[in-house]
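Chain residues, written in single-letter form:
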Amino acid sequence: MNKSELIETLAEKVNLPVRETASVAKTIIDTMSEALVKGDSIEIRGFGSFTVKKYDSYTGRNPKSGEKIDVAPKKLPFFKVGKDLRERVDEAARKAGGK
Amino acid sequence: MTLTKANLIQAVYKKHPGLTKTQAAESVETFIQLVKESLIKGEDLLLSGFGKFNVKDKKPRRGRNPQTGDELILDARRVVTFKPSGILRSKINNGK
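Residues numbered from 1 in each chain as written. Chains lettered and ligands numbered in written order. Predicted model: local features only at pLDDT ≥ 70, side-chain atom pairs only at ≥ 80, totals over all residues. Heavy atoms only, no water.

**Observations concerning the confidence of the model for chain A**
Low pLDDT means the predicted coordinates in that region are not meant to be read closely.
Next, step 1: The pLDDT averaged across chain A works out to 93; a share of 97% of its residues lies at or above 70.
Next, step 2: Strand E1 (residues 41-44) of chain A holds the highest mean pLDDT among the elements of chain A, 98, whereas helix H3 (residues 83-97) of chain A holds the lowest, 89. (pLDDT = per-residue confidence, 0-100. Helix = DSSP H or I, 4+ residues; strand = E, 2+ residues; numbered from the N terminus.)

Right under this line is the structure:
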């Protein structure tokens, strides 16, 4: 599913025009992005949490040529799946696949 | 600071004067619900500009209880992973 499909379904469920719903979805996503940009974390119960992890610079290698490269320090958002979602995703797979 | 669902509802309510507080709450709740349902169905979810939630099937593997050192078989399982979009990554690293 992509963003526009999500917006369409959301509009139907909450009974709002698609245009307004698209704008609401943008607010949700922008608010989450801005929190991470500020270095804040996000915690949504039953869904999961996002934290920003900081990585120091290190000397890496180009795996193809073996050349050394300096990797600059960086920050990356990290998502930890919440317990409810984690269990339900796995349960659904067991039921469907009979694993 | 931690952003919670209540903060998201507040943000939606503030930015969309046409919505009642209840509609703002319902929109945020349903948004999260739809994301979850997609992943539970085993469908990946792409939120362009933010990132992609992937559903991955892991094979069973042999593991160890780190406390006792006993070997055990870890079952096959299905997990959710998140890959941030390039846009989000650069925003986070450039501060805007």
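**Regarding the interface of chain B and chain A**
Next, step 1: Counting residues at the interface gives 49 residues for chain B and 46 residues for chain A.
Next, step 2: For the pair chain B and chain A, the summed buried area comes to about 4700 Å², and 70% of that belongs to carbon and sulfur atoms.
Next, step 3: Considering only the side of chain B, the residues that lose the most area to chain A are B:Leu3, B:Phe31 and B:Ile92, jointly responsible for 14% of the buried surface there.
Next, step 4: The partner of B:Asp75 in a salt bridge is A:Arg94, with the nearest N and O atoms 3.8 Å apart.
Next, step 5: Counting every contact that joins chain B to chain A gives 17 residue pairs in polar contact (both at pLDDT 80 or more).
Next, step 6: Secondary-structure elements contributing two or more residues to the side of chain B that touches chain A are strand E1 (2-4), helix H1 (5-15), helix H2 (21-40), strand E2 (45-47), strand E3 (51-58), strand E6 (77-84) and helix H3 (86-94) of chain B. (Contact = heavy atoms within 4.5 Å. Buried area = accessible area lost by both parts, 1.4 Å probe. Salt bridge = Lys/Arg side-chain N within 4 Å of Asp/Glu carboxyl O. Polar contact = N/O pair within 3.5 Å; in protein donor to acceptor, adjacent residues only side chain to side chain.)

**Quick look at the sheet that holds E1(B)**
Next, step 1: What the four strands build is an open sheet, ordered E5(A)-E2(A)-E1(A)-E1(B); its pairing is mixed. Each edge of the open sheet carries a strand with a single partner, namely strand E5 (74-81) of chain A together with E1 of chain B. Going across the sheet, the axis of each strand differs from the next one's by a mean of 25°, ignoring polarity.
Next, step 2: Pairing geometry for E1(A) and strand E2 (residues 48-55) of chain A, over three bridges, is antiparallel. Within E2(A), the position partnered with A:Glu43 by the bridge is A:Ser49.
Next, step 3: Packed on one face of the sheet, H1(B) meets E1 of chain A together with E1 of chain B and runs near 70° to E1(B). (Pairing = 2+ DSSP bridges. Axes fitted to C-alpha atoms, helices over the stretch in contact; angles between N-to-C directions.)

**Structural notes on the packing of helix H1 (residues 3-14) of chain A against helix H2 (residues 18-37) of chain A**
Residue and element names in this part refer to chain A.
Next, step 1: Axis separation between H1 and H2 bottoms out at 9 Å; the angle between their running directions is 120°. Here H1 is positioned oblique relative to H2, judged by the angle of their axes. When the axes of H1 and H2 are compared, the crossing they make is right-handed. Here H1 contributes Lys3, Ile7, Leu10 and Ala11 to the contact with H2, which in turn contributes Val18, Thr21, Ala22, Ala25 and Ile29.
Next, step 2: Taken together, the residues of the contact of H1 with H2 break down into seven nonpolar, one polar and one charged. (Parallel < 35°, antiparallel > 145°, perpendicular 65-115°, else oblique. Left-handed = near helix turned anticlockwise from the far one by under 90°. Nonpolar A, V, L, I, M, F, W, Y, C, P; charged D, E, K, R; others polar.)

**Regarding H2(A)**
Residue and element names in this part refer to chain A.
Next, step 1: End to end, H2 covers 28 Å across 20 residues, agreeing with the expected 28 Å (1.5 Å per residue, within 8%).
Next, step 2: Taken as a whole, H2 has its buried residues at Thr21, Val24, Ala25, Thr27, Ile28, Ile29, Thr31, Met32, Ser33, Ala35, Leu36 and Val37.
Next, step 3: Gly39, located one to two residues past H2, shows a positive phi value of around 90°. (Expected span 1.5 Å × (residues − 1). Buried < 20%, exposed > 50% of the residue type's maximum accessible area, 1.4 Å probe, protein only.)

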